[in-house]
Protein chains: 2
Amino acid sequence: MHTELQLDNQICFRLYTAARLITQAYTPMLNTLGITYPQYLVLMVLWEKDCQLVNDIAHRLLLETNTVTPLLQRMEKEGLVKRTKGKEDGRQTLVTLTKKGCELEEQAYNSIPAGMAKELRACPLKFKDYEHLAEELDSIINTLNNK
Amino acid sequence: MHTELQLDNQICFRLYTAARLITQAYTPMLNTLGITYPQYLVLMVLWEKDCQLVNDIAHRLLLETNTVTPLLQRMEKEGLVKRTKGKEDGRQTLVTLTKKGCELEEQAYNSIPAGMAKELRACPLKFKDYEHLAEELDSIINTLNNK
DNA sequence: TTCAATTAAATCGCTTGCGATATAAATTAT
DNA sequence: ATAATTTATATCGCAAGCGATTTAATTGAA
């Protein structure tokens, strides 16, 4: 038996599981808003700065356009964003928030942060722990992303 | 602008991204073995203890059977595991490693741990940091799983 | 200029992950 | 014993992720 190959010793399995479970925790709240978690990520990017290229959004989320394009197409069908071909550079696609997409920010603000706090109320981690966690995750993300 | 809704303030986005990137880092090594990351997880479960029920595997990985069953079916088609109906309880399905599935353990042992160490060589985290990270992730996982 | 690279998105095919439902075998209640 | 319930898996449908390829527009080089 190789202890290196034990599930309990795998940081990757923990990341995989924690990511799934926390996304699941978001899901009921996001369902109320009629969106999925990746759609919520795209909206957060656009709430920070409206009217961005597909590539900008993909880059911000560290995703490829072959993930983002279909995601945006579904979001357009849902009336959350509008996609328009670039005037100067015809290869580009500009993504803009619709009124509906804009208005979701307030609704999200009124439910998501408090909702997540509630989900994690039983978690023994303190503010400082979450800060550490964020730093450690950023280390891993930066290492693997700049390769 | 609601700072609570900024991507940079989201622990969930970090988890989501770190999980994706570290899985991507595994992928070339796993390709060499002819398996995917979730299949690797199943194999680790069976390497720890061969011959388990679908439910045991799902429970160990914190997944549902509607994820694990098709995964196992694909693995059976690849000749990694065998699925047999339970003799005593006809509802159960027993999952066993094939010779091929067994032998992958040595191959994995010879390539994966060293390969991942190499991928993360540039990461500033030390042994103690990874320990902390594991504890923090376990806190989150336990909190969200026991709800 | 003209044709070969580059770039931005989109498309395709496949595996996951998961909510919802179905199937079928065992257990429990009446 | 028979019907209702529970349990173990499986099936279905859809949204992601992503490797690989394609399309179309722009840039660059000869």
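All residue numbers refer to position in the chain's written sequence, counted from 1. Here chains are named by letter from A upward and ligands by number from 1 upward, in the order in which they appear as written. Reporting of local features is limited, given that this is a predicted model, to residues whose pLDDT is at least 70; pairs of side-chain atoms are given and counted only at 80 or more, and all residues count toward the totals for whole chains, interfaces and linings. Excluded from the side-chain calculation are hydrogens and water; included are all heavy atoms of the structure.

Peer 1: What exactly am I supposed to notice about the overall build of chain A here?
Peer 2: The number of helices and strands found in chain A is six helices and three strands. Overall size of chain A, expressed as C-alpha extent along the three principal axes, is 60 × 40 × 25 Å. Only protein chains enter the calculation, and the probe is 1.4 Å; a residue is then buried if its accessible area is under 20% of its type maximum, exposed if over 50%, and partly exposed in between. Here chain A holds 147 residues, and 47% of them are scored as buried. For chain A, restricting intrachain contacts to residue pairs at least 6 apart in sequence, the fraction spanning at least 24 positions comes to 47%. Secondary structure counts use DSSP, requiring at least four H or I residues in a row for a helix and at least two E residues in a row for a strand, with both numbered from the N terminus. What makes two residues a contact is simply this: any of their non-hydrogen atoms within 4.5 Å.

Peer 1: For this particular structure, what's the right way to read the protein's contact with DNA strand C?
Peer 2: We define proximity as follows: a residue is near a molecule or strand when any one of its heavy atoms falls within 4 Å of that partner. Taken together, 26 residues lie near DNA strand C, and Gln24 and Arg83 of chain A together with Thr36, Asn66 and Arg74 of chain B sit nearest. Taking all atoms of DNA strand C within 4 Å of the protein, the share assigned to sugar and phosphate is 73%. As used in this structure description, the phrase polar contact means that two N or O atoms lie within 3.5 Å; if the pair is within protein, one of them must be able to donate a hydrogen and the other to accept it, and residues adjacent in sequence are counted only when both atoms belong to side chains. Contacts to DNA strand C include Arg20 of chain A, whose side-chain N or O atom sits 2.8 Å from a phosphate oxygen. Here a phosphate oxygen of DNA strand C and a side-chain polar atom of Asn55 of chain A are 3.1 Å apart. Elements that contribute at least two residues to the surface near DNA strand C include exactly α1 (11-33), α3 (54-61) and α4 (65-77) of chain A together with α2 (37-48) and α4 (65-77) of chain B.

Peer 1: Which parts of the structure should I look at to understand the environment of Arg74 of chain B?
Peer 2: Note on placement: Arg74 of chain B falls in helix α4. The sequence separation of Arg74 of chain B and Leu94 of chain B amounts to 20 residues, and the corresponding C-alpha distance is 15 Å.

Peer 1: Would you mind showing me how to read the nonpolar core here?
Peer 2: Taken as a class, soluble globular proteins show a tendency for nonpolar side chains to be buried jointly. Among the nonpolar cores identified, the biggest contains 104 residues, and Tyr40 of chain A together with Tyr40 of chain B are the most heavily contacted of them. Contacts of Tyr40 of chain B, omitting those with residues within four sequence positions, involve Leu5 and Gln10 of chain A together with Tyr26, Leu30, Ile35, Trp47, Ala108 and Ile112 of chain B. In this text, buried Ala, Val, Leu, Ile, Met, Phe, Trp, Tyr and Cys residues form a nonpolar core when linked through side-chain atoms within 4.5 Å.

Peer 1: What is the right way to look at the protein's contact with DNA strand D in this model?
Peer 2: Lining the immediate surroundings of DNA strand D are 26 residues, of which Thr36 and Asn66 of chain A together with Arg20, Gln24 and Arg83 of chain B lie closest. The protein-proximal atoms of DNA strand D, defined as those within 4 Å of the protein, are 73% sugar or phosphate. One nitrogen or oxygen atom from the side chain of Thr36 of chain A is found 2.4 Å from a phosphate oxygen belonging to DNA strand D. At a separation of 3.1 Å, a phosphate oxygen of DNA strand D approaches a polar backbone atom of Glu88 of chain A. Elements with a minimum of two residues in the surface near DNA strand D: α2 (37-48) and α4 of chain A together with α1 (11-33), α3 (54-61) and α4 of chain B. Basically, the charged four are Asp, Glu, Lys and Arg, the nonpolar ten are Ala, Val, Leu, Ile, Met, Phe, Trp, Tyr, Cys and Pro, and anything else, Gly included, counts as polar. Taken together, the residues of the surface near DNA strand D sort by class into six nonpolar, 13 polar and seven charged.

Peer 1: I'm lost on the relation of the copies chain A and chain B in this one. Help?
Peer 2: Related by rotation about an axis and a shift along that axis, the two copies of the chain form a pair. The copies were overlaid by least squares, fitting only the C-alpha atoms of residues that reach a pLDDT of 70 or more in each copy. Mapping chain A onto chain B calls for a screw motion: a turn of 180 degrees about the axis and a shift of 0.0 Å along it, with 0.0 Å RMSD after fitting. The transformation just described matches what one would write down for a two-fold rotation axis.

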